[in-house]
Amino acid sequence: MTDRVHGSGDVLLEQRGDATWITLNRPERRNAYDPAMAEAVAEAIDAANRSRAVVLTGAGGAFCAGGALAGLGEPDVTEMRGLYRASLRLFDAVRSCPRPVIAAVNGPAAGGGNELVVACDLAIAAESATFGQTGPRVGSSPVTGATNVMGVQIGEKRAKELAMLCRRYTAAQALELGLINAVVPDDELIPTVDAWVAELAVLSPRYLEITKVSSNVWWNAARDSFSTGLGMLVQSIGSPDMAEGARAFLEKRRPRFPDPDS
């Protein structure tokens, strides 16, 4: 049974059988989130504890492009602090949700969107999906998952490759890396996620929660490094590297960062 889709304009909610589907709904910016949108997603995750599973996906052929970058060329410190805090609140909501959270990756997962995949318990991708970090390319650093927990998931060297080189990876490559659980044809993504939810629905919610809480050991161990990393990012707000990275991103050109000693 599928209930009517509802929710705010930025975040759509749908009850599909035993799962709450949460759709990021800003396709014109590839579902990049601002603080209000990140908070709305986190609240929706918190409210879904009576479902057997939670599914995160994106509207308009994209999964999530991370935090909205429009204001980074001339950043407001208060607004940037808010965006950093909202990102961490979103990822923490995924990890603290008592139910399994599945990423249904229907398109590009970039930057914080890729870190959202890292945070989710399971990830199933359409063949057209792509993955990758953007931090050093746009004047930032992926300190809330990609520089720490992702290393546990796919190995330190591979995680540094993703975090430092900012390459793009196909869904098949992401599967080989161990970043996701499965790849399916685009038109089979929703039925496949529904099938995984059905498998979870016959299992004990109590012991699934215990399993999830226990598996958070590496996330919890890295949690202090998230706050430290975000503190360093706050101190870098307005730096020449951030400004140049943001301008280059918005102008769709290769960045010209200052020399290392400047």
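Up top is the structure these notes are about.
Quick look at the structure, then. The structure displayed is predicted, hence computed values, not measured ones.

**Structural notes on the layout of surface pockets**
Its boundaries defined by the atoms lining it, the second largest pocket holds a volume of some 300 Å³. The wall of the second largest pocket is formed by 16 residues, among which Arg95, Cys120, Asp121, Lys212 and Ser215 lie closest to the centre. For the lining of the second largest pocket, the elements supplying multiple residues, two or more each, are helix H5 (149-154), helix H9 (205-215) and helix H10 (217-235). Broken down by element, the lining of the second largest pocket gets its largest block of residues, 4 residues, from H9. Of the residues in the lining of the second largest pocket, the class split is 10 nonpolar, 3 polar and 3 charged.

**Quick word on a negative patch on the surface**
On the surface, Glu127, Asp186, Asp187 and Glu188 cluster together into a patch of negative charge. Structurally, glutamate 127 is set in the loop between strand E6 (122-126) and strand E7 (130-132). Look at glutamate 127 and you get exposed, because its relative accessible area is 51%.

**Some points on the packing of aromatic side chains**
Counting across every chain of the model gives 1 aromatic pair. Centre to centre, the rings of tryptophan 219 and phenylalanine 226 are 4.9 Å apart; their planes meet at 75°, and the pair counts as edge-to-face. A single burial state applies to tryptophan 219 and to phenylalanine 226, both of which are buried. When the ring centre of tryptophan 21 is taken as origin, the NZ or CZ atom of arginine 16, which lies over that ring, is 5.4 Å away.

**Some words on the pattern of salt bridges**
Inspection of every chain in the model, using the stated rule, returns 16 salt bridges. Here lysine 160 makes a salt bridge to glutamate 156, at a shortest N to O gap of 3.2 Å. Taken together, the positions of lysine 160 and glutamate 156, both in helix H6 (residues 156-165) and 4 residues apart, correspond to about one turn of that helix. The structure contains a network of salt bridges with shared partners spanning Glu244, Arg247, Glu251 and Arg253.

**What to know about the environment of glutamine 173**
With respect to the element layout, glutamine 173 can be found in helix H7 (residues 171-177). When its relative accessible area of 37% is taken as the criterion, glutamine 173 is described as partly exposed. Separated by 43 residues in the primary sequence, glutamine 173 and threonine 130 have C-alpha atoms spaced 9.0 Å apart.

**Things to note about the sheet that holds strand E4 (residues 101-105)**
Pairing is mixed across the open sheet formed by 6 strands, whose spatial order is E1-E2-E3-E4-E6-E9. Single-partner strands in this sheet number two, and they are strand E1 (11-16) and strand E9 (182-184). Neighbouring strand axes in the sheet, compared pairwise and without regard to direction, differ in orientation by 20° on average. Pairing of E6 with E9 involves 3 bridges; the strand directions are parallel. Residue pairing across strands places alanine 126 opposite valine 184, the latter belonging to E9. Contacts from helix H8 (residues 189-201) reach E1, strand E2 (19-24), strand E3 (53-58), E4, E6 and E9, with the element oriented near 160° to E6.

**Some words on the nonpolar core**
Within the largest apolar cluster, 60 residues are counted, with the highest numbers of intra-cluster contacts made by Ile22, Ile45, Leu56, Val105, Val117, Phe131 and Leu179. Residue contributions to this core peak at 9 residues, all from helix H2 (residues 77-96). Here leucine 179 is in contact with Asn114, Val117, Val118, Ala123, Phe131, Met150, Gln153, Ile154, Leu162 and Ala174, once residues within four sequence places are set aside. Counting 16 residues, the second largest nonpolar core, distinct from the first, contains Ala53, Val55, Ala126 and Leu189.

**Quick look at the sheet that holds strand E8 (residues 169-170)**
With respect to topology, 3 strands assemble into an open sheet ordered E5-E7-E8, the strand pairing being mixed. Each of the sheet's edge strands pairs with one partner strand only, and the pair in question is strand E5 (109-110) and E8. With 2 bridges connecting them, E5 and E7 associate as parallel partners. In the strand pairing of E7, alanine 110 is matched with glycine 132.

Criteria and thresholds
Residues numbered from 1 in each chain as written. Predicted model: local features only at pLDDT ≥ 70, side-chain atom pairs only at ≥ 80, totals over all residues. Heavy atoms only, no water. 1 Å grid on protein atoms, 1.4 Å probe; cavity = no way out; pocket = protein on both sides within 12 Å on 5 of 7 lines; lining within 4 Å. Points joined across faces, edges and corners; volume = space filled by probe spheres on them. Helix = DSSP H or I, 4+ residues; strand = E, 2+ residues; numbered from the N terminus. Nonpolar A, V, L, I, M, F, W, Y, C, P; charged D, E, K, R; others polar. Patch = residues over 30% accessible without salt bridge, like charges linked within 9 Å, V, L, I, M, F, W, Y side chains within 5 Å. Areas by Shrake-Rupley, 256 points an atom, 1.4 Å probe, with all protein chains shown as cover. Salt bridge = Lys/Arg side-chain N within 4 Å of Asp/Glu carboxyl O. Lys, Arg positive; Asp, Glu negative; His and termini not counted. Charge placed at Lys NZ, Arg CZ, Asp CG, Glu CD. Buried < 20%, exposed > 50% of the residue type's maximum accessible area, 1.4 Å probe, protein only. Phe/Tyr/Trp six-rings, centres within 6.5 Å; stacked < 30°, edge-to-face > 60°. Lys NZ or Arg CZ within 6 Å of the ring centre and 35° of its normal. Pairing = 2+ DSSP bridges. Axes fitted to C-alpha atoms, helices over the stretch in contact; angles between N-to-C directions. Contact = heavy atoms within 4.5 Å. Core = buried A, V, L, I, M, F, W, Y, C linked by side-chain atoms within 4.5 Å.

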